[in-house]
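The chain contents come next:
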Amino acid sequence: YSGAKVHQWQYVGQPNQIFELTRVKDDWYKIVSTNSKKCLEFTASDSQHVGSILHQSDFTGANNQLFQFKLTDDNQSFYIQNKQLQMVLDVAGVSYDNGAALQSWSYGGGDNQRFILVKYANALSLNKKELPTPILSLLAEEKNKYRFN
């Protein structure tokens, strides 16, 4: 439903852990849940607000729903920047726990801001406990490889 918060969870192979990325303009993408068909966004009124909680809503094309994927220095993971806030996705509290919120934060380069993209087709053959995921499911690059959903 619109307004549902987005959080990380151990990968269990469910549709709510799969996201589709679609280029909207230039290098900006919308991120859509294949389960709810809602896109990820920060609240539009949270301009320049550190700690704004990520949630899902119907796509309108507004800047608070557009994200850019920037390769980190390890050349394997990305930080994901929101166009409106000019802040990145961040696992709150540098948490490894199921249910930890995804929020906006200034880029600091920590593991709680690094994400790996895994194509859905590549994930189908992997054991659910290994790491994988689908058409571009997003994975917080943390010690236990937890995904957000």
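Residues numbered from 1 in each chain as written. Predicted model: local features only at pLDDT ≥ 70, side-chain atom pairs only at ≥ 80, totals over all residues. Heavy atoms only, no water.

Q: When you look at the packing of aromatic side chains in this model, what are you seeing that I'm missing?
A: Aromatic ring pairs are defined here through the distance separating the ring centres and the angle between the ring planes. For the coordinates displayed, the defined rule picks out four aromatic pairs. Taking the centre distance of 5.8 Å and the plane angle of 85° together, the rings of Tyr 29 and Phe 69 count as edge-to-face. Of the two residues, Tyr 29 is situated in strand 3 (residues 28-33) and Phe 69 in strand 6 (residues 67-71); the sequence distance between them amounts to 40 residues. Residue Phe 69 is classed as buried on the basis of its relative accessible area, which comes to 16%. Ring geometry for Phe 42 versus Phe 67: centroids 6.2 Å apart, planes at 55°, classification tilted. Note that Phe 42 is positioned in the loop between strand 4 (39-41) and strand 5 (55-57) and Phe 67 in strand 6, a separation of 25 residues in sequence. We note that Phe 42, like Phe 67, is buried. One aromatic cluster in this structure is built from Tyr 29, Phe 69 and Phe 78. Geometry around Phe 59 places Lys 30 over its ring, the cationic atom sitting 4.5 Å from the centre. (Phe/Tyr/Trp six-rings, centres within 6.5 Å; stacked < 30°, edge-to-face > 60°. Helix = DSSP H or I, 4+ residues; strand = E, 2+ residues; numbered from the N terminus. Buried < 20%, exposed > 50% of the residue type's maximum accessible area, 1.4 Å probe, protein only. Lys NZ or Arg CZ within 6 Å of the ring centre and 35° of its normal.)

Q: What should I look at first to understand the pattern of salt bridges in this one?
A: Opposite charge on two side chains permits them to pair, given that their charged atoms come into close proximity. Inspection of every chain in the model, using the stated rule, returns four salt bridges. The closest approach of N and O atoms between Asp 73 and Arg 114, which form a salt bridge, is 3.2 Å. One end of the pair, Asp 73, is in the loop between strand 6 and strand 7 (78-82); the other, Arg 114, is in the loop between strand 9 (102-105) and strand 10 (115-118), and 41 residues separate them in sequence. Using a relative accessible area of 10% as the deciding quantity, one classes Arg 114 as buried. Members of the salt-bridge network, linked through shared partners, are Asp 73, Asp 74 and Arg 114. (Salt bridge = Lys/Arg side-chain N within 4 Å of Asp/Glu carboxyl O.)

Q: I'm lost on the nonpolar core in this one. Help?
A: Within soluble globular proteins, side chains that are nonpolar generally end up buried alongside one another. Grouped together as the largest cluster of nonpolar side chains are 17 residues, with contacts concentrated most on Ile 31, Leu 40, Leu 54, Phe 67, Ile 80 and Leu 89. Ignoring anything within four residues of it in the chain, the contact list for Leu 54 reads Lys 5, Val 6, Leu 40, Glu 41, Phe 42, Phe 67, Leu 89, Leu 102 and Gln 103. (Core = buried A, V, L, I, M, F, W, Y, C linked by side-chain atoms within 4.5 Å. Contact = heavy atoms within 4.5 Å.)

Q: Help me understand unusual backbone geometry in this model?
A: Among all residues except glycine, the phi angle is most often negative; among peptide bonds, the trans geometry is most common. Even without glycine at this site, Asp 26 takes up a positive phi of about 50°. With respect to the helices, strands and loops of the structure, Asp 26 is situated in the loop between strand 2 (19-25) and strand 3. Here Asp 26 falls in the exposed class, since its relative accessible area comes to 63%. Backbone geometry places Lys 37, a non-glycine residue, at a positive phi of 65°.

Q: Just checking my understanding: could you explain the pairing of strand 6 for this structure?
A: If a strand is regular, its side chains alternate between the two faces of the sheet. Pairing of strand 6 with strand 7, which is carried by five bridges, proceeds in the antiparallel orientation. Looking at strand 7, one finds that Gln 68 is bridged to Gln 81. The turn joining strand 6 and strand 7, which pair antiparallel and follow one another in sequence, is formed by six residues; a positive phi near 60° is taken by Asn 75. (Pairing = 2+ DSSP bridges.)

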